[in-house]
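Understanding the architecture of this molecule
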Amino acid sequence: MNAQQISKELTTFIEKSPSMFHAISTIASELEEAGFTYLKEGAAWNVEKGGNYYTTRNGSSIIAFKIGKDLSDYHFQMSAAHSDSPTYKVKTIPELKGPGEYLKLNVEAYGGMIDSSWFDRPLSIAGRVLVREGNKIESKLLYIDKDILIIPNMCIHFNREVNNGVAYNRQVDLCPLFSTGELKQGDFDKMVASELGIDVSQILGKDLFLVNRQAPVVWGYKDEFVSCPKLDDLQCAFVSLKGFLNANNDAAVNVYCCFDNEEVGSNTKQGAMSTFLYDTLQRINLNLGKTAEEYYQAVAKSFLVSCDNAHAVHPNHPEKNDAMNAPYMNKGIVLKESANQKYTTDAFSRALFTAICNDANVPVQTFANRSDVLGGSTLGNLSNTQVSVHAVDFGLAQLAMHSSYETAGVLDTVYAIQSLTAFFNTNVQIDEAKGITL
């Protein structure tokens, strides 16, 4: 597997996914190309052994599944990543009048981003627009493929303390510049309507977000690194999709999930804490003619790989990581653990996934926070509130997480695909928490 080619595929995937809605559309297109059948949540399902299917919720979350041909060991082998990344959402009434004839956009933070990383970069907008056409209201994807905004820094001459640290006010400092006079109040929606080929009166709702348009790049004298927006978490969405599509497991049901809203807590109808996964597994079970008892038995034997990137050791601040449980870029996949259970990894799940990686010759690293630092949470422990299974938290080491432009290692994308392909190919047989057969 060529690391440079895989990096190109990764960055192309990310460029096609400027919003969570576009990410799910991109994933759905790849599934369609691979022969998967789309199942609407609001319609009757008809699934069969040996079939490949997918469903979506809100246009921003997706679950795909491959049903084994014999299901001789009926259970679910699952991965979960997320489609969203920290950015700024455009408010419903978007324009702010500035001094003179300046026109700015009124935005608010979505997730916990590094504010300073959004200054002085070419920006655009992407997301969905709800449009009325006669007696119907339809959702349309929008991405303006043009540099149309910038958030300008204050020059150092007016802010002599800028290099001593600045606390940015998001209502004041993070408003993108939209026009110096060519555009007027109301022209934002006119622009949106023009891009969609509709009348502005047809726009009834918008979920639009800022997009960093700085181009992805593979860099380093030996081409070791990849940098681009949204590596957290589209890199994991990409590698888990590749692993899922590469593999077959006729004894079980393989499941790929990509949820929205992880960056704001997952507590939405389409987030990891929603019933989306539970509802999907229940419908698979019913369509296969299985009983409720068989469902509970299957879940007890199931396993989830929660895929969300990890913090690489920073070259200038190694003291921020734990002294021993500290991952590096290009040194292998990362299993994340936390004594307070913010991550799902425990000895049982670590042993299972490490064994699979060992058999696939994929190097494994460990991440744990310093004991005096409170870490964040991710998908696994949140989805477990609805579907409780053994799970491991998995990621790829990266720098500048939640920056508008992040950095990772090119080899780790390859390692991740190899490990997840091996996971989905392996019929994992779990005997409660007593033992595992691979």
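Keep in mind that this is a model prediction, so the values were computed, not measured.

**Remarks on the sheet that holds strand E13 (residues 253–259)**
Strand order in this open sheet of nine strands is E1-E2-E3-E13-E4-E14-E18-E16-E17, and the pairing throughout is mixed. What marks the edges here is a single partner per strand, and that holds for strand E1 (37–38) and strand E17 (364–367). Both strand E14 (residues 303–307) and strand E18 (residues 390–395) contribute to a ladder of five bridges, which runs parallel. The partner of Val305 across the bridge, within E18, is Val392. Where helix H4 (residues 231–246) meets the sheet, it contacts strand E3 (61–67), strand E4 (76–82), E13, E14 and E18, and its direction lies at approximately 155° from that of E4. Against the sheet, helix H9 (residues 410–425) contacts E4, E13, E14, strand E16 (333–336) and E18, and its axis sits at roughly 150° relative to E4.

**What about unusual backbone geometry?**
The phi torsion of most residues other than glycine is negative, and most of the peptide bonds are trans. Across the junction of Asp232 and Asp233, the peptide omega takes the value 15°, indicating a cis bond. With respect to the element layout, Asp233 can be found in helix H4. Positive phi, close to 60°, is recorded for Asn361, a residue that is not glycine.

**Focus: empty space enclosed by the protein**
Across all of its chains, the model carries two cavities of 30 Å³ or more by this definition. Volume-wise, the largest cavity comes out at about 100 Å³. What lines the largest cavity is a set of 13 residues, among which Ser85, Pro86, Trp118, Pro229 and Lys230 lie closest to the centre. A per-element tally of the lining of the largest cavity places strand E10 (residues 203–212) first, with three residues. In terms of residue class, the lining of the largest cavity is made up of five nonpolar, five polar and three charged. In this structure, the second largest cavity encloses a volume near 40 Å³. The wall of the second largest cavity is formed by Pro18, Ser19, Met20, Asp84, Ser85, Thr87, Phe209, Leu210 and Lys230. By residue class, the composition of the lining of the second largest cavity is four nonpolar, three polar and two charged.

**Things to note about helix H1 (residues 3–15)**
Between its terminal C-alpha atoms H1 stretches 18 Å, which fits the 18 Å expected from 13 residues at 1.5 Å a residue. Buried within H1 we find Ala3, Ile6, Ser7, Leu10, Thr11, Phe13 and Ile14. Looking down the long axis of H1, one finds its buried residues gathered within 155° of arc, a one-sided arrangement. Where H1 is buried, its residues meet helix H2 (20–33), strand E11 (217–219), strand E12 (225–228), H4 and H9.

**Concerning the nonpolar core**
In terms of nonpolar packing, the biggest core is built from 53 residues, with Phe353 and Phe394 touching the most fellow members. Residues Leu39, Leu71, Ile284 and Ala298 belong to the second largest nonpolar core, which totals 31 residues.

**Quick word on the pairing of E4**
Counting buried residues in E4 gives seven out of seven residues, a clear majority hidden from the surface. By the alternation rule, side chains of E4 split into Phe76, Met78, Ala80 and His82 and Gln77, Ser79 and Ala81, which are all buried. Relative to E13, E4 is paired through seven bridges, and the arrangement is parallel. Counted as the bridge partner of His82 is Phe259 from E13. Summarising the sheet, E4 and E14 pair through four bridges and their orientation is parallel. Its bridge partner being in E14, Ser79 is matched across the sheet by Val305.

**Some details on the sheet that holds strand E20 (residues 406–409)**
Pairing within the open sheet is mixed, and its five strands lie in the order E11-E12-E20-E19-E15. Two strands lie at the open edges of the sheet, namely E11 and strand E15 (310–311), each paired on one side alone. Pairing geometry for E12 and E20, over four bridges, is antiparallel. Note that in E20 the partner of Phe225 across the bridge is Gly409. With respect to the sheet, H4 is in contact with E12, strand E19 (397–399) and E20, its orientation differing from that of E20 by roughly 35°.

**Overview of the pattern of salt bridges**
Applying the stated criterion across every chain, the model contains 15 salt bridges. Here Asp115 and Arg170 are joined by a salt bridge, their closest N and O atoms 3.0 Å apart. A residue pair is termed long-range when its members are at least 10 positions apart, and Asp115 in the loop between strand E6 (103–110) and strand E7 (123–133) and Arg170 in the loop between strand E8 (136–143) and strand E9 (177–179) qualify at 55 residues. Judged by its relative accessible area of 12%, Asp115 falls in the buried class. Residue Asp207 is joined to Arg128 by a salt bridge in which the shortest nitrogen-to-oxygen separation is 2.9 Å.

**Notes on the environment of Ala323**
By the secondary structure assignment, Ala323 is in the loop between E15 and E16. Judged by relative accessible area, Ala323 falls into the exposed class, the value being 74%. Between the C-alpha atoms of Ala323 and Ala368, which are 45 residues apart in sequence, the distance is 9.5 Å.

About the cut-offs
- Residues numbered from 1 in each chain as written.
- Predicted model: local features only at pLDDT ≥ 70, side-chain atom pairs only at ≥ 80, totals over all residues.
- Heavy atoms only, no water.
- Pairing = 2+ DSSP bridges.
- Helix = DSSP H or I, 4+ residues; strand = E, 2+ residues; numbered from the N terminus.
- Contact = heavy atoms within 4.5 Å.
- Axes fitted to C-alpha atoms, helices over the stretch in contact; angles between N-to-C directions.
- 1 Å grid on protein atoms, 1.4 Å probe; cavity = no way out; pocket = protein on both sides within 12 Å on 5 of 7 lines; lining within 4 Å.
- Points joined across faces, edges and corners; volume = space filled by probe spheres on them.
- Nonpolar A, V, L, I, M, F, W, Y, C, P; charged D, E, K, R; others polar.
- Expected span 1.5 Å × (residues − 1).
- Buried < 20%, exposed > 50% of the residue type's maximum accessible area, 1.4 Å probe, protein only.
- Arc of directions from axis to C-beta.
- Core = buried A, V, L, I, M, F, W, Y, C linked by side-chain atoms within 4.5 Å.
- Salt bridge = Lys/Arg side-chain N within 4 Å of Asp/Glu carboxyl O.

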